[in-house]
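Spelled out from the first residue to the last, the chains are:
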Amino acid sequence: MSVQTSSGTGAFRTAVVPAAGLGTRFLPTTKAVPKELLPVVDTPGIELVAAEAAEAGAQRLLIVTSPGKDSVAAYFRTDDELVKTLESRGKGELADKVRRAPGLLEVDSVYQYEPKGLGHAVAQAGPALADDEQAVAVLLPDDLVLPTGVLARMAQVREEHGGSVLCAFDVPREQISAYGVFEVSDTGDDDVKQVHGMVEKPAPDEAPSTFAAAGRYLLDRAIFDALDRITPGAGGELQLTDAVALLISEGHPVHVVVHRGGRHDLGNPAGYARAYVDFMLQHPEYGEDLRTWLNERLKD
């Protein structure tokens, strides 16, 4: 069966955030607090990702969650009583922060009842899309891609080339074995590559390129048909990359945008700590004190 590629605009209305995982690397904290709600200074990672999606033009955030993690979607609900209390106490700036997340975009959720992989999680979003939505963004909440703006660039590339567009980082070859790596060819733009395949965690001397996958996808709606047809792959799970590979094999155009900025991995304590410190150092109230303390601490 051949998959037909949706053509036309690169725009998208829905951004899907897979957030059904157990957060095992943060246990025992994640027994009670979903890792997506752990604060980066004073803002949960899920809000940072939602703000990025809204900035790129998304109108709706669709959270793929699991039973017991309803607090992730609940974070985006309005809390008029709290706002009223804060304002009555003269804490207008705090009230604005509380209003910020609910004001970003519409938020809905769907459930992934079994942990069958990222591909399975994304597949749960398919029935929740409107019939006229021809593309959907997927943002992995563990990945902070900095500075923001890559999704808008990805939409431009989809407008030009059609198909699906993924985000990549140019990683030093000696570090490449930690990533999924794209097999690519050049286009007329140094930061846009056509994808012909993907290899998971190759040895440095066997990697087809130094362009590694990041947690941002702008996927043609054809991805849902492909997800229905793949079989379990690595780890016995349905892998999103296997569905993308199926589309490529059937002639569906796939490109990557090479992002020249930075990233933080919120999915493990070490990466989370680096993100927290990085954001804290930029904070107008706390940054200078932390910088002074770190300089003194690192002398010991």
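Only a predicted model underlies this, so the values are computations on that prediction, with no experimental measurement involved. (Residues numbered from 1 in each chain as written. Predicted model: local features only at pLDDT ≥ 70, side-chain atom pairs only at ≥ 80, totals over all residues. Heavy atoms only, no water.)

Chemist: Just checking my understanding: could you explain the domain arrangement of the protein for this structure?
Modeler: Interfaces are often described in size by the accessible area the parts lose on coming together. Looking at the protein, the domain boundaries give domain 1 (11-141) and domain 2 (149-260). Relative placement of domain 1 and domain 2: their C-alpha centres are 24 Å apart. Facing 27 residues of domain 1, the contacting portion of domain 2 comprises 18 residues. Between domain 1 and domain 2, a total of about 1900 Å² is buried, with carbon and sulfur atoms accounting for 60% of that surface. (Domains from an automatic or database assignment. Contact = heavy atoms within 4.5 Å. Buried area = accessible area lost by both parts, 1.4 Å probe.)

Chemist: For this particular structure, what's the right way to read the packing of aromatic side chains?
Modeler: Per the stated rule, a full pass over the model turns up 4 aromatic pairs. Relative to F76, the ring of Y75 has its centre 5.4 Å away and its plane inclined at 85°; by these criteria the two rings are edge-to-face. Of the residues examined, Y75 reaches a relative accessible area of 28% and is grouped as partly exposed. Through a chain of ring-to-ring contacts, three or more aromatic side chains come together here, namely F26, Y272 and Y276. (Phe/Tyr/Trp six-rings, centres within 6.5 Å; stacked < 30°, edge-to-face > 60°. Buried < 20%, exposed > 50% of the residue type's maximum accessible area, 1.4 Å probe, protein only.)

Chemist: Please explain helix α8 (residues 240-249) as it appears in this structure.
Modeler: Residues spaced three or four apart along an α-helix face the same direction, because each turn holds 3.6 residues. By the burial criterion, the buried members of α8 are L240, T241, A243, V244, L247 and I248. Relative to the axis of α8, the buried residues are bounded by an arc of 160° and lie together on one face. Of the residues flanking the end of α8, it is G251, one or two places downstream, whose phi is positive at about 90°. (Helix = DSSP H or I, 4+ residues; strand = E, 2+ residues; numbered from the N terminus. Arc of directions from axis to C-beta.)

Chemist: How do you make sense of the side chain of T65 when you look at a structure like this?
Modeler: Tracing the backbone through its elements, the reader meets T65 in strand β4 (residues 60-65). Here the side chain of T65 touches K69 through a polar contact of 3.3 Å, landing on its backbone oxygen. Excluding residues that lie within four positions of it along the chain, T65 makes contacts with A19, A20, S109, V110, Y111 and Q112. (Polar contact = N/O pair within 3.5 Å; in protein donor to acceptor, adjacent residues only side chain to side chain.)

Chemist: It is not clear to me how the UniProt feature "domain: Nucleotidyl transferase" (unreviewed entry) in the protein should be interpreted in this structure. Could you clarify?
Modeler: In this numbering, the UniProt entry assigns the feature "domain: Nucleotidyl transferase" (unreviewed entry) to residues 15-275. Across residues 15-275, helical content stands at 29% and strand content at 27%; the span's end C-alpha atoms are separated by 23 Å. (UniProt positions renumbered as here; feature names shortened; annotations may be inferred.)

Chemist: Sorry if this is basic, but what is going on with empty space enclosed by the protein here?
Modeler: One simple way to see leftover space: roll a probe sized like a water molecule over the atoms. One pass over the full model with this rule turns up 1 cavity of 30 Å³ or more. Empty space within the largest cavity amounts to approximately 70 Å³. Lining the largest cavity we find K35, E36, L38, V40, G45, I46, P141, D142, L266 and Y272. Residue composition of the lining of the largest cavity, grouped by class: 6 nonpolar, 1 polar and 3 charged. (1 Å grid on protein atoms, 1.4 Å probe; cavity = no way out; pocket = protein on both sides within 12 Å on 5 of 7 lines; lining within 4 Å. Points joined across faces, edges and corners; volume = space filled by probe spheres on them. Nonpolar A, V, L, I, M, F, W, Y, C, P; charged D, E, K, R; others polar.)

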